[in-house]
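Residues per chain, in single letters:
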Amino acid sequence: MTSKPLKQIHLAAHFPGVNNTTVWSDPAAGSHIDFDSFVHFARTAERARFDFLFLAEGLRLREQGGQIYDLDVVGRPDTFTVLAALAAVTERLGLTGTINSTFNEPYEVARQFATLDHLSEGRAAWNVVTSWDAFTGENFRRGGFLPREERYSRAKEFLETANGLFDSWNGTEIAADPGAGVFLRDARAGAFAHRGQHFDIEGRFNVPRSPQGRPVIFQAGDSDEGREFAASSADAIFGRDGTLEAGRAFYADVKGRLAKYGRTHDELKILPAATFVLGDTDAEAHEIAHEVRRRQVSGQTAIKFLEHVWNRDLSAYDPDGPLPDIDPEVGENTVALGRASVRQFRDPLETARQWRRLAEAKNLSIRELVISTTADQTFVGSAATVAEQIDTLVQADAADGFILVPHITPGGLDDFADTVVPLLQERGVFRTEYAGTTLRDHLGLDVPRPASGRQTVAS
Amino acid sequence: MSSFPPASTSASASAFTSASSAPLHLGVALDGAGRHPAAWREPGARPGELFTARYWAGLAAEAETGLLDFVSFEDSLTLQSSPADGPEGPDGPDGRTDRVRGRLDAVLVAARVAPLTRHIGLVPAVTATHTEPFHISKAIATLDHVSRGRAGLWIQVSGLPDEARHFGRRTGPLEEAELHAEAADHVEVIRRLWDSWEDDAEIRDVATGRFVDRDKLHYIDFEGRHFSVRGPSITPRPPQGQPVVGASGDGEASYALVARSTDVGYVPAHDGDGTRAAVAAIRRAREATGLAAQPLHLFGDLTVFLDADAPAAAARLERLDALAGLPYGGGGAVFTGSPGELADLLLERREAGLSGFVLRPGVIGHDLPAITRDLVPELQRRGVFRRAYEADTLRGLLGLDRPANRYAAHPAA
C-alpha cells in the first residue's frame, strides 16, 4: 500500500438551538434550558470522543410582522455561564461559545475566556461573530452604533485587542513562593496598551495566562471578508456546506489564503455544520428524514419563511396552495427582524421569480417549495452509509470534519455516538481515546507563544 | 486597626440566645487566599492553585459542609492594588510582587462550582459600572438555572480611573452618587429582564404550532441616564424568579442603592453604634422608596481571624502583619478571637438590626474551616443556626418568598 495516510476526522456537536432545525413537537424533545439537557448532550459528545461542544448565541428575540416570533424554540441561557458549568461535568470535551464582538468590550470578553480556559484546564474556544444590527443594539448601552461596513474591521481589531490581553501574561510571572514572599516574579504582569480605530485602552489585564494561552478561535462567515478574516486570525472556520464540490472549492480557497499570513495548511481547520438522519436502513432513514423535514417546516413556518423574501404579510395564503402571484415588497423595512437568513436574499424579486418557476415546474405548494429550497439534511442513511459519507468528504478535502447539528434536544446525538462513531473508529479515521487534554491537543493546534513585547498598537 | 476586643463573657451571649431564637444567617466572602495580604504565605494556603477550579470547588464544598447560606466570590475589573503605594500613582496598580495578583471572573467561578454543590447559595461580585445589564441579567439567570435556584449577585461600582481605561468608553470618572445611581438603574434593568418572561411563557402547543405564548413575553423599555434597554431577555425566568441581589452599604452614597435595589445589604460591623446608625439610615431610605413592605436583610460584614483563644488569634494576626510588613487595615471590621467569642459577638451585634453576617476569612485555608467546623457547631449548640439545609434555593434559605412576576396579568379583581 502506498496510499497516503488517512486524515483524522474532527467532530463536534452543536447544541440544538433556536431555529426551526430543532423539532420541539417531537415527544422525545426535552428542555433546551434545563441544565440536565446540557449535561446529557455534553456527556454524549464526550463519550463519543468529540472534539468539542458548540453553543450559539442570540441577543434579541426574533420578531416578524412586529411581533415576537413564536413558532420556533426560543430562549437560551448565557453562553459563558453554561460552558463554565459544563466544565464541571466533563473532562476533555472542548467548550466553544459564540460571543458577539459588537455588544461587548475586549477587556471583559478576554477575561471571561481566559477564566473559562483556566476553569476547564484548557478547553475554551471562541466563535467570534459580529453584528451591525440596530435591532439587537436596542438591548445595549451603545445601541446600533456600528456602520455595517465596519463589522469585520471591528471584529478583527476586537480579536487583536483580546490577543494583546491574553499575551499580556507570558505564563512565567507567578512564583507563588511563600518562603521568599514572592507572588509575582514580574511586577508588570498584565500590562497592555492598544490604540486603534475601535479601541483605545490600556492598563493591566487581571487574569494570568491560561492553559491554552488563548482560547481556540473560530470564525463563521462566507463572504470574501469573512474568509480573509478566518485565514488571517482563526484556528477553525465553519465551512460553507457539506457537499463534495462546493466543500472542496471552499476548502481550497480558504486554505489557499493561509500562506500570505505565514500560516501552514494545518493551522486552520474547516468544519462545516451538518445535519444528519439515521435509520436502520438507508430507505428507513430517508423516510424519517422526510418526516423530520415536514416537522421542521410546518405550514405556518413555510408562510413565515416566504415572508422573508416577499417582505410582506402573507398570512392569508394557504401553505398547501400555490405561491403568491404578487411581487415582494422591496424597501428598507423588513418584516423579519433578528434573523440572519433574511440577509441572504439580496434580490428578492429575482428569488421570487425563480421560486415561482420551480413551483410551477414541479407542481409544489408553498410548504413543499420551502422544504425543497431550504437546507436539506446533510447526511441521511444507515450508520454505515453516514460513516462512509463523512469519511469520503473529509478524505477528499471537502472538510476537516463536521459540526453536527441534531434536531432533537438533548438526545439527538445519542444514536450517532452509538452507531456512527464506532464505524469511523473501525476505519481508523476517528480517535478511540483522547490523546491530549486540551482542545488545542484535540485539533492538533500548537499553543501560541505570547507576542513579544507587551505593547500592542494597531496601525 | 479596628480589631474588636475579645467579647466579654459567655454569660452575655446566653442572654441573647434566650432572647432571640431567630436563626442567624451566615455567608462567607472569598477572595484569593484570604482577606489578609499575607494570607497566601500561610501553611495550607495553596497559592499556586488560586487559578484552578479545584481550589474554588474545594472552598465551596467546605462552606457547604458548614451549612452556610451562601458563599460569595470577590471580583473586580482591574488588577488588585494597595491604595496609595503604586508607582503609577494612587489610582494605578501598585508594583508589588509580594501579594496575590490576578483573579478569575467570579460569575464563571460560581457557575463552575454550581454542579458540584447542592444547597449553598452562590453569590458572585459583579461590577455595574462597566458592564451591560443585559449580559449580567442573563448570566445570573443562567447561574440560577444551572444551580437550580441558588444564584445571587453582589453588585458593586468602580470609580477607579485605571479601571475605566480598561474600557476606554468614559473620559472621566463619575461622581460616587452617580455611580450608585447608575448601579441602581443596572439592577432595575436586570430585575425587569428576569421578569420579562412569565413563568409559563413556554407552552409548546402542538395544536397551534406555537412554542411560546408571546403575550407572556414582555418588553421592559427601560430608559435611563446611562443606557436604555428594550428587552425581553433571551433567557427564560430563572428558578427563583428573582435571584438574590446584594450590595454593600458602606457610607451615605451607597445607602440609596441598598435600599432601592437589594434583598441583602452588607454593612460593616465595626461596632454596635456605627452598625445601628447604618441600619437606621438604610431603613429610612427603604421607607422612602416605598419598598418597606418587602423584606430586606442587613448583614454585618466582618473579617475574622479564628483560633483557640484570643491571644492565639492576635499572635497569628501579628505574625501575618509582620510578613506583610504593615499592620492589617483592610478597611472593614475585623475580629480576632475564638469561635466561642465570635459567636458571642455575632449574637450581640445582631441586636443592632442585623439578620446575619458575611464573614471574610483572614486566611481562607485556616479561617474557613474554623468557621465551618468550630463556629457553626458553637452557633448550633446555642440554637441559632440550622442543623440541616431546610430549603433548595437561596431565597428559601434566606426566608424570602419567590416574588410574583411584575408583568404577569393579575386575575381580574
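Up top is the structure these notes are about.
First, a word on what this report is: a plain description of the structure on this page.

Here is what the cut-offs are and how they apply
Residues numbered from 1 in each chain as written. Chains lettered and ligands numbered in written order. Predicted model: local features only at pLDDT ≥ 70, side-chain atom pairs only at ≥ 80, totals over all residues. Heavy atoms only, no water. Helix = DSSP H or I, 4+ residues; strand = E, 2+ residues; numbered from the N terminus. Rg over C-alpha atoms; globule rule 2.2 N^0.38 Å. Buried < 20%, exposed > 50% of the residue type's maximum accessible area, 1.4 Å probe, protein only. Contact = heavy atoms within 4.5 Å. Areas by Shrake-Rupley, 256 points an atom, 1.4 Å probe, with all protein chains shown as cover. Pairing = 2+ DSSP bridges. Buried area = accessible area lost by both parts, 1.4 Å probe. Salt bridge = Lys/Arg side-chain N within 4 Å of Asp/Glu carboxyl O. Polar contact = N/O pair within 3.5 Å; in protein donor to acceptor, adjacent residues only side chain to side chain. Nonpolar A, V, L, I, M, F, W, Y, C, P; charged D, E, K, R; others polar. Axes fitted to C-alpha atoms, helices over the stretch in contact; angles between N-to-C directions. Parallel < 35°, antiparallel > 145°, perpendicular 65-115°, else oblique. 1 Å grid on protein atoms, 1.4 Å probe; cavity = no way out; pocket = protein on both sides within 12 Å on 5 of 7 lines; lining within 4 Å. Points joined across faces, edges and corners; volume = space filled by probe spheres on them. Phe/Tyr/Trp six-rings, centres within 6.5 Å; stacked < 30°, edge-to-face > 60°. Lys NZ or Arg CZ within 6 Å of the ring centre and 35° of its normal.

### Topic: the overall build of chain A
Argument step 1. Along the backbone of chain A there are 14 helices and 18 strands.
Argument step 2. Since a compact globule built from 459 residues should have a radius of gyration of about 23 Å, the 23 Å found for chain A is in line with a globular shape.
Argument step 3. Viewed in the frame of its principal axes, chain A has a C-alpha envelope of about 80 × 55 × 45 Å.
Argument step 4. The 459 residues of chain A split such that 60% are buried.
Argument step 5. Within chain A, residue pairs in contact and separated by at least 24 positions form 76% of the contacts whose partners lie at least 6 positions apart.
Argument step 6. Carbon and sulfur atoms form 47% of the exposed surface of chain A, whose accessible area is close to 17,800 Å².

### Concerning the pairing of strand 12 (residues 333-337) of chain B
Working note: regular strand, side chains alternate between the two faces of the sheet.
Argument step 1. With 5 of 5 residues buried, strand 12 of chain B lies mostly within the body of the structure.
Argument step 2. Along strand 12 of chain B, one buried face is formed by B:Ala333, B:Phe335 and B:Gly337 and the opposite face, lined by B:Val334 and B:Thr336, is buried too.

### Things to note about the sheet that holds strand 16 (residues 336-337) of chain A
Residue and element names in this part refer to chain A.
Argument step 1. Here 3 strands make up an open sheet; going across it, the order is 4-3-16 and the pairing antiparallel. In the strand order of this sheet, the two ends are held by strand 4 (67-68) and strand 16, each with one partner.
Argument step 2. Pairing geometry for strand 3 (residues 63-64) and strand 4, over 2 bridges, is antiparallel. Paired with Gln64 across the bridge in strand 4 is Gln67.

### Structural notes on the environment of A:Thr438
Residues and elements named next belong to chain A.
Argument step 1. Looking at where Thr438 falls in the secondary structure, it is placed in the loop between helix 13 (414-426) and helix 14 (439-443).
Argument step 2. Considering only alpha carbons, one finds Thr438 and Asp200, 238 residues apart in sequence, at a separation of 32 Å.
Argument step 3. With sequence-adjacent residues up to four places away left out, Thr438 is seen in contact with Glu121, Gly122 and Gln212.

### As for the interface of chain A and chain B
Argument step 1. Residue-level contacts link 78 residues of chain A with 81 residues of chain B.
Argument step 2. Counting each side, the surface lost to burial between chain A and chain B is near 6,600 Å², with a carbon and sulfur contribution of 59%.
Argument step 3. It is A:Trp24, A:Arg141 and A:Phe183 in chain A that bury the most area against chain B; as a group they hold 14% of the surface buried on that side.
Argument step 4. Across the salt bridge formed by A:Asp34 and B:Arg148, the nearest N and O atoms sit 3.5 Å from each other.
Argument step 5. On inspection of chain A and its partner chain B, the count reaches 38 residue pairs in polar contact (both at pLDDT 80 or more).
Argument step 6. For the side of chain A that touches chain B, the secondary-structure elements that each account for two or more residues are helix 1 (35-47), strand 4, helix 2 (79-87), helix 3 (106-119), strand 7 (174-177), strand 8 (182-184) and strand 10 (200-204) of chain A.
Argument step 7. The leading source of residues in the side of chain A that touches chain B is helix 3 of chain A, at 8 residues.
Argument step 8. Looking at the side of chain A that touches chain B residue by residue, the class counts come to 39 nonpolar, 18 polar and 21 charged.

### Details of the sheet that holds strand 5 (residues 94-100) of chain A
All names here are of chain A.
Argument step 1. Across the sheet, which stays open at both edges, the 9 strands sit in the order 13-12-11-6-5-2-1-18-14 with parallel pairing between neighbours. Here the strands that pair on one side only, and so sit at the sheet edges, are strand 13 (269-270) and strand 14 (273-274).
Argument step 2. Pairing between strand 1 (residues 10-14) and strand 2 (residues 52-55): 3 bridges, direction parallel. By the bridge assignment, His14 is partnered in strand 2 with Phe54.
Argument step 3. Each of strand 2 and strand 5 touches helix 2; the most contacted strand, strand 5, lies at about 170 degrees to it.

### Side note on the packing of helix 9 (residues 299-310) of chain A against helix 11 (residues 366-373) of chain A
All names here are of chain A.
Argument step 1. At a closest axis distance of 9 Å, the pairing of helix 9 and helix 11 adopts a crossing angle of 70 degrees. It follows from the interaxial angle that helix 9 and helix 11 lie roughly perpendicular. Of the residues in helix 11, those in contact with Gly299, Ala302, Ile303, Phe305 and Leu306 of helix 9 are Ile366, Arg367 and Val370.
Argument step 2. Of the residues belonging to the contact of helix 9 with helix 11, the class tally is 6 nonpolar, 1 polar and 1 charged.

### Some thoughts on the pattern of salt bridges
Argument step 1. Evaluation of the coordinates by the stated rule reveals 70 salt bridges over all chains.
Argument step 2. In this structure, A:Arg263 engages A:Glu267 in a salt bridge whose closest nitrogen and oxygen atoms are separated by 3.9 Å.
Argument step 3. Look at A:Arg263 and you get buried, because its relative accessible area is 14%.
Argument step 4. On the accessibility criterion, A:Glu267 (31% relative accessible area) is partly exposed.
Argument step 5. Between B:Arg406 and B:Asp195 there is a salt bridge; the shortest N-O distance is 2.8 Å.

### Looking at empty space enclosed by the protein
Argument step 1. Counting across every chain of the model gives 10 cavities of 30 Å³ or more.
Argument step 2. Lining the largest cavity are 25 residues, with A:Glu108, A:Gln112, B:Asp105, B:Val107 and B:Ile136 sitting closest to its centre.
Argument step 3. Tallying contributions element by element places helix 4 (residues 133-147) of chain B first for the lining of the largest cavity, with 4 residues.
Argument step 4. Taken together, the residues of the lining of the largest cavity break down into 10 nonpolar, 8 polar and 7 charged.

### Quick notes on the packing of aromatic side chains
Argument step 1. Applying the stated criterion to the full structure yields 29 aromatic pairs over all chains.
Argument step 2. A centroid spacing of 4.8 Å and a plane angle of 55 degrees characterise the contact between A:Phe52 and A:Phe218, whose relative ring orientation is tilted. With A:Phe52 in strand 2 and A:Phe218 in strand 11 (residues 216-220), this residue pair connects regions lying 166 residues apart in the sequence. No difference in accessibility class separates A:Phe52 from A:Phe218, as the two residues are buried.
Argument step 3. Three or more aromatic residues joined by ring pairs make a cluster, and in this case those are A:Phe80, A:Phe113, A:Trp126, A:Phe158 and A:Phe199.
Argument step 4. The aromatic ring of B:Tyr219 is capped on one face by B:Arg230, whose charged end is 3.9 Å from the ring centroid.
Argument step 5. Lying across the ring of B:Phe385, B:Arg386 places its NZ or CZ 5.3 Å from the centre.

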